[in-house]
Amino acid sequence: MIKPVLAIHGGAGAITRAQIIPAVKLAYEDALRSILAGGERILANGGSALDAVTEAVRLLEECPLFNAGHGAVFTRDATHELDASIMDGSTLACGAVANVRTIRNPVRAARAVMEHSPHVFFAGDNADAFAREQGLEIVDSSFFSTPDRHAQLIKAQETGVDSIVLDHDGVVDQPPLDESKKMGTVGAVALDAHGNLAAATSTGGMTNKWPGRVGDSPIIGAGCYANNASCAVSTTGKGEAFIRAVAAYDVAAMMEYTGVSLEHAAHKVVYEKLPPLDGAGGLIAVDKHGNITMPFNTEGMYRGSVVVGQAALVAIYRE
Ligand code: ASP
């Protein structure tokens, strides 16, 4: 009998230098725990991996602590441009949106692209228009803004216009990971009771990024991948490196072509292939047997996992 599993991440980065306020660390851990529980409920009731990752990422988008949806980082022009993707490992169906500005939950738009269009990837204003036609919730772009993210932008711009900062590398209230040295992005991977795998990823990108820039998160194979034959993967980190490494697909391909374990393949990508490309970050992955791995080459990564019916694990630093 297959035990369904769910894993989530909320970005990777460096440990904050200032003293961490225990209450702030707790807030991150509580958020991870309650979001895991939201996705777990779906799996426990026999729901699909696809529904579980959609819901977990939607909840991460709604949480202002993480860089996706409400709480997304700012571009160089003080605007928001959001990216998201989703993939169904049972059919290899997938959907993605990039540079969207008004969709409250970009992961839902990615799923609508997958299920209600003949295409895989929409970008810019037409992606927003597609979501509106699909009846998804549309918000003013200011909905995504939070004072902390704006302070991060100001700080990055004081350092120079070329300072493009990963989300958790710039925070003001001293969250557990140094917001000026952290990547943001959220993601989820799951295995359901039917043996199907799915992955989803969503992000505001990087603070002070150039308008129009697209990272790895909405790119199938780079920031997100799922195939029942191997595994489901969601990444976080310096998107340019993850695109060059085709990071998420590389984990799956290595397993399929060489027969190595999930852990072996994921560790090779995160610890050997990404670092020479300046690829700071990490990933979460689950295979068809329910094995979970969550490697990162930074000092920490907000993450959590649960085997349905068992106690959930949440962590930020190395154990
Ligand atoms: N991978 C994301 C991007 O490059 C950023 C992140 O994970 O923090 O847009």
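Since this is a predicted model, take the numbers as computed values, not measurements. (Residues numbered from 1 in each chain as written. Predicted model: local features only at pLDDT ≥ 70, side-chain atom pairs only at ≥ 80, totals over all residues. Heavy atoms only, no water.)

A.B. asks: How would you explain the nonpolar core if you had to name every residue and give the values?
C.D. replies: The biggest cluster of nonpolar side chains holds 51 residues, and the ones touching the most others in it are Leu6, Ile8 and Phe66. Within the second largest apolar cluster, 37 residues are counted, among which are Cys94, Tyr225, Ala241 and Phe296. (Core = buried A, V, L, I, M, F, W, Y, C linked by side-chain atoms within 4.5 Å. Buried < 20%, exposed > 50% of the residue type's maximum accessible area, 1.4 Å probe, protein only.)

A.B. asks: So what's going on with the sheet that holds strand S10 (residues 281-287)? Which residues, and what values?
C.D. replies: As summarised here, the arrangement of the four strands in space is S8-S9-S10-S11, forming an open sheet in which the pairing is antiparallel. Edge strands, defined here as strands with exactly one partner in the open sheet, are strand S8 (224-226) and strand S11 (292-293). The pairing of S10 with S11 spans two bridges and is antiparallel. When the bridges of S11 are listed, valine 286 appears paired with isoleucine 292. Of the strands in this sheet, S8, strand S9 (231-237) and S10 are in contact with helix H7 (residues 247-258), which crosses S9 at around 145 degrees. Where helix H8 (residues 262-273) meets the sheet, it contacts S9, S10 and S11, and its direction lies at approximately 165 degrees from that of S10. (Pairing = 2+ DSSP bridges. Helix = DSSP H or I, 4+ residues; strand = E, 2+ residues; numbered from the N terminus. Contact = heavy atoms within 4.5 Å. Axes fitted to C-alpha atoms, helices over the stretch in contact; angles between N-to-C directions.)

A.B. asks: Which residues make up unusual backbone geometry, and what values go with them?
C.D. replies: The bulk of non-glycine residues show a negative phi, and the bulk of peptide bonds are trans. Not every positive phi belongs to a glycine, and alanine 78 is a case in point at roughly 60 degrees. If you trace the backbone, alanine 78 turns up in the loop between helix H2 (49-62) and strand S2 (82-88). A relative accessible area of 37% places alanine 78 in the partly exposed class. A positive phi angle, close to 65 degrees, is found at aspartate 278, a residue other than glycine. Position of aspartate 278 relative to the elements: it lies in the loop between H8 and S10.

A.B. asks: For the packing of H7 against H8, give the residues involved together with the corresponding values.
C.D. replies: The interhelical angle for the contact between H7 and H8, taken along N-to-C directions, is 140 degrees, at an axis separation of 8 Å. Relative to H8, the element H7 lies oblique. Between H7 and H8 the crossing geometry is right-handed. Contact residues: H7 offers Ala247, Asp250, Val251, Met254 and Met255, while H8 offers Leu262, Ala265, Ala266, Lys268, Val269 and Lys273. Taken together, the residues that form the contact of H7 with H8 break down as eight nonpolar, no polar and three charged. (Parallel < 35°, antiparallel > 145°, perpendicular 65-115°, else oblique. Left-handed = near helix turned anticlockwise from the far one by under 90°. Nonpolar A, V, L, I, M, F, W, Y, C, P; charged D, E, K, R; others polar.)

A.B. asks: How would you sum up the environment of glutamate 299? Please name residues and give values.
C.D. replies: Of note, glutamate 299 is situated in the loop between S11 and strand S12 (300-307). The spatial distance from the C-alpha of glutamate 299 to the C-alpha of glycine 281 is 9.3 Å, given a sequence separation of 18 residues. Ignoring sequence-local partners within four residues, the contact set of glutamate 299 consists of Gly13, Ala14, Ile15, Tyr317 and Arg318.

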